Amino acid sequence: MKITIIIISLFAIIFGAISYLYGYKSAFEADQQCHYDMRMESIELDGLGCDHDLETKQWLLFKVGVNDQPSKVLKRYRY
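Conventions we followed
- Residues numbered from 1 in each chain as written.
- Predicted model: local features only at pLDDT ≥ 70, side-chain atom pairs only at ≥ 80, totals over all residues.
- Heavy atoms only, no water.
- Core = buried A, V, L, I, M, F, W, Y, C linked by side-chain atoms within 4.5 Å.
- Buried < 20%, exposed > 50% of the residue type's maximum accessible area, 1.4 Å probe, protein only.
- Helix = DSSP H or I, 4+ residues; strand = E, 2+ residues; numbered from the N terminus.
- Contact = heavy atoms within 4.5 Å.
- Pairing = 2+ DSSP bridges.
- Axes fitted to C-alpha atoms, helices over the stretch in contact; angles between N-to-C directions.
- Phe/Tyr/Trp six-rings, centres within 6.5 Å; stacked < 30°, edge-to-face > 60°.

(A) How the structure looks around the nonpolar core. Counting residues in each nonpolar core, the largest one holds eight residues, listed as A30, C34, M38, L48, C50, W59, L61 and Y77. Only α2 (27-41), β1 (48-53) and β2 (58-63) provide two or more residues apiece to this core. With three residues, α2 is the largest single contributor of residues to this core. Apart from residues lying up to four places away in sequence, C50 is in contact with C34, H35, M38, W59, L60, L61 and F62.

(B) The environment of C34, seen in detail. Checked against the element boundaries, C34 lands in helix α2. C34 sits in the buried class, given a relative accessible area of 0%. Those residues in contact with C34 that sit more than four places away from it in its chain are C50, W59, L60, L61 and Y77.

(C) The sheet that holds β1, seen in detail. In space, the three strands of this open sheet follow the order β1-β2-β3, with antiparallel pairing throughout. Here the strands that pair on one side only, and so sit at the sheet edges, are β1 and β3 (72-78). Ignoring strand direction, the axes of neighbouring strands in this sheet form an average angle of 25°. In terms of strand pairing, β2 meets β3 through six bridges, oriented antiparallel.

(D) Region of interest: the pairing of β2. In terms of strand pairing, β1 meets β2 through six bridges, oriented antiparallel. Considered in β2, the bridge of C50 is made with L61. In this structure, the hairpin formed by β1 and β2 is closed by a connection of four residues, where K57 is found at a positive phi of approximately 50°.

(E) Focus on the packing of aromatic side chains. Per the stated rule, a full pass over the model turns up one aromatic pair. Summarising the aromatic geometry, the rings of Y24 and Y77 are spaced 6.0 Å apart at their centres and angled 55° between planes, so their arrangement reads as tilted. Here Y24 is found in the loop between α1 (2-22) and α2, whereas its partner Y77 is found in strand β3, with 53 residues between them in sequence. Residue Y24 is classed as partly exposed on the basis of its relative accessible area of 28%.

Here you go:
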């Protein structure tokens, strides 16, 4: 039982450290990266946009849907 708790705690610490080191520290950083990627990828793809999702604390790079189709999320920038 104690070993299970230790293993779960260890995984939680490792996951937290990885997300802290490789994630965006603020909404501003995520916003800047999303708009940069949008400009770079707009050469190849038309109808790209960036939007902020407050509930999940992330910026979304998406391709606007055509003919009443839903938009498709291309990349997520969590902070």
